[in-house]
Amino acid sequence: MSNQNIQAVEDNLLTAVSIHGIPKKSYNLINRMKYFHVPGVSIAVINNTNIEWARGYGVLETNGNTQVSPDTLFQAASISKPVSAMLVLRLAEQGKLDLDIDANKYLSSWQIPENEHTEKNKVTLRGILSHTAGLTVHGFQGYGFDDEVPSLLQILNGETPANSAPIQVDVAPGSMFRYSGGGYTIMQQILENISDKAFEELLQTEVLDKLNMHSSTFEQPLPMQLREKAATGHVGAGVPIKGKWHTYPEKAAAGLWTTPTDLAEFAIEIMKSYDNRSNKILSASMADSMLTAVQEGYGLGLAVKKLGNNIIRFGHGGGNEGFRSYLAAYTGNGKGAVVMTNSDNGDHLMMEIVRSISNVYEWSDFLPIEKQVAQVNPNIYSQYAGKYQHPDYPDFVVQVEREGPHLLIESIQGAFRWELYPESETRYFFVESEAIVEFQKNNAGIFDALILLSMSLKKVA
């Protein structure tokens, strides 16, 4: 049965969008890896609250010979956050942390700067875990092969050689949901201050070892003895990153190296804790708190969605330089999956894999969105053709071309070349992504800009 399921998953990848009136088309995994320029993929599937299978595909590095296996290490990126959150919740149950008092009370080597936003409401660990603490710095770009790596204090203060801004409060804590890797970096400092231990040591003894996550580490840089097992990160066109990967001293937010199998063990423990069947780390009540949304579908370290019949989908995505990963799992039905890739283009591929797993294992969600193609005179496509550039990111350039009755969009770096389908004369969609492209006119009535992923790109040629 398992081999049949594996084959079915491998041969039935589904795009994000299907077109009304055209039968849904499914794809083979290896072919889609080539299409998306993703050298390596690793998958673990959870069924009946057990890991049913785990498999690797492709290679650790483009043009290399070492095959990806279930033991290959990938950067989990932001999936580091829920694993880190589990430790905080464990310490809260032990009475060593209070989730609802001023987080500055736990900080001895650094303090969250007070200002007018913190006068009435203070930053708390509950706010940090749920991204409602009003803190800045969305994410981190890491440090390359020949970059100097800053200390945690330099990152918190935004001081050289840190490549991120200072972490501070710029809206009232509790007033809104706003994703903040900066908050989790403050949490990392709190954990080190209250324990007098290195963050990675705490996570190893209190979480990873207890869950038999023996292929996982928060050590940054990655220890020499583990580097042969690690996948190389790749930019969108499939080119390896110089030095193979970036270092992330922001360990709680982005520093975990792991495998899908280990992350599946993590997800299974949450399922079992929620049902009070295993409490290696958390009680049932604390697992329930972890999976209860605070604001905008985010609990304490995890994105959550209630689906009825006591089923909650929980999960997290991750994106470091050259790596993309996704974890999704469910309470109540014992199902889930983890997909990890070694490419910036991995996000589209991994979601096609998740849709295939959802279809084969009869999950209740992750279905393609069906859209209707509008009738548009293709002659207008010539007005859209050209090169578009982001004003703040000069390397972010796309080319729009008319090819007969078709409109195509391509990244200059060669990461993708996809067809655009019209929803209206100015609004278009891909089948590979849920993203929308909208063309815009200037005051002279000339199309000179497009909106993609909420970003405005200007025509430059």
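Residues numbered from 1 in each chain as written. Predicted model: local features only at pLDDT ≥ 70, side-chain atom pairs only at ≥ 80, totals over all residues. Heavy atoms only, no water.

Novice: Please clarify how the packing of helix H3 (residues 80-93) against helix H6 (residues 181-195) should be interpreted in this entry.
Specialist: Between two packed helices, what matters for the description is the angle formed by their axes and the separation of those axes. H6 packs onto H3 with a crossing angle of 40° between their chain directions and a minimal axis gap of 11 Å. Considering their axes alone, H3 and H6 lie oblique with respect to each other. By crossing handedness, the relation of H3 to H6 is classed as left-handed. Along its contact with H3, which presents Lys81, Ser84, Ala85, Leu87, Val88 and Leu91, the element H6 presents Gly181, Tyr184, Met187, Leu191 and Ile194. Grouping the amino acids of the contact of H3 with H6 by side-chain chemistry returns eight nonpolar, two polar and one charged. (Axes fitted to C-alpha atoms, helices over the stretch in contact; angles between N-to-C directions. Helix = DSSP H or I, 4+ residues; strand = E, 2+ residues; numbered from the N terminus. Parallel < 35°, antiparallel > 145°, perpendicular 65-115°, else oblique. Left-handed = near helix turned anticlockwise from the far one by under 90°. Contact = heavy atoms within 4.5 Å. Nonpolar A, V, L, I, M, F, W, Y, C, P; charged D, E, K, R; others polar.)

Novice: Explanation requested: the environment of glycine 301 in the structure shown.
Specialist: Along the chain, glycine 301 turns up in the loop between helix H10 (284-290) and strand S8 (303-308). The contact partners of glycine 301, leaving out residues within four places of it in the chain, are Lys81, Pro82, Ala85, Leu129, Tyr184 and His316.

Novice: What is the right way to read the nonpolar core from this model?
Specialist: General note: in soluble globular proteins, nonpolar side chains tend to be found buried as a group. Ile186 and Leu263 are the most contacted members of the largest nonpolar core, which has 88 residues in total. Among residues more than four places away in sequence, those in contact with leucine 263 are Ala76, Ile79, Val83, Met213, Leu256, Thr258, Leu327, Val338 and Met340. Residues Val45, Ile311, Val376 and Tyr384 belong to the second largest nonpolar core, which totals 49 residues. (Core = buried A, V, L, I, M, F, W, Y, C linked by side-chain atoms within 4.5 Å. Buried < 20%, exposed > 50% of the residue type's maximum accessible area, 1.4 Å probe, protein only.)

Novice: Whenever I open this one, the packing of helix H2 (residues 29-36) against helix H11 (residues 346-360) confuses me. Can you help?
Specialist: Axis separation between H2 and H11 bottoms out at 9 Å; the angle between their running directions is 160°. Of the possible angle classes, the one that applies to H2 and H11 is roughly antiparallel. Crossing of H2 over H11 shows right-handed handedness. Residues Leu29, Arg32, Met33 and Phe36 of H2 touch H11, and the partners they reach there are His348, Leu349, Glu352 and Ile353. In the contact of H2 with H11, the residues fall into five nonpolar, one polar and two charged.

Novice: Any chance you could explain the side chain of threonine 15 here in plain terms?
Specialist: Relative to the helices and strands, threonine 15 is located in the loop between strand S1 (13-14) and strand S2 (17-19). Owing to a relative accessible area of 8%, threonine 15 belongs among the buried residues under this scheme. Among the polar contacts listed, one links the side chain of threonine 15 to the backbone oxygen of valine 17, at a separation of 2.9 Å. Ignoring anything within four residues of it in the chain, the contact list for threonine 15 reads Tyr27, Arg32, Glu352, Arg355, Pro368 and Val431. (Polar contact = N/O pair within 3.5 Å; in protein donor to acceptor, adjacent residues only side chain to side chain.)

Novice: I keep staring at the environment of aspartate 98 and nothing clicks. Help me out?
Specialist: Topologically, aspartate 98 is positioned in the loop between H3 and helix H4 (125-129). When its relative accessible area of 32% is taken as the criterion, aspartate 98 is described as partly exposed. In sequence terms aspartate 98 and leucine 125 are 27 residues apart; their C-alpha atoms lie 7.6 Å from each other. Polar contacts involving the side chain of aspartate 98 include one to the main-chain amide nitrogen of aspartate 100, which spans 2.8 Å.

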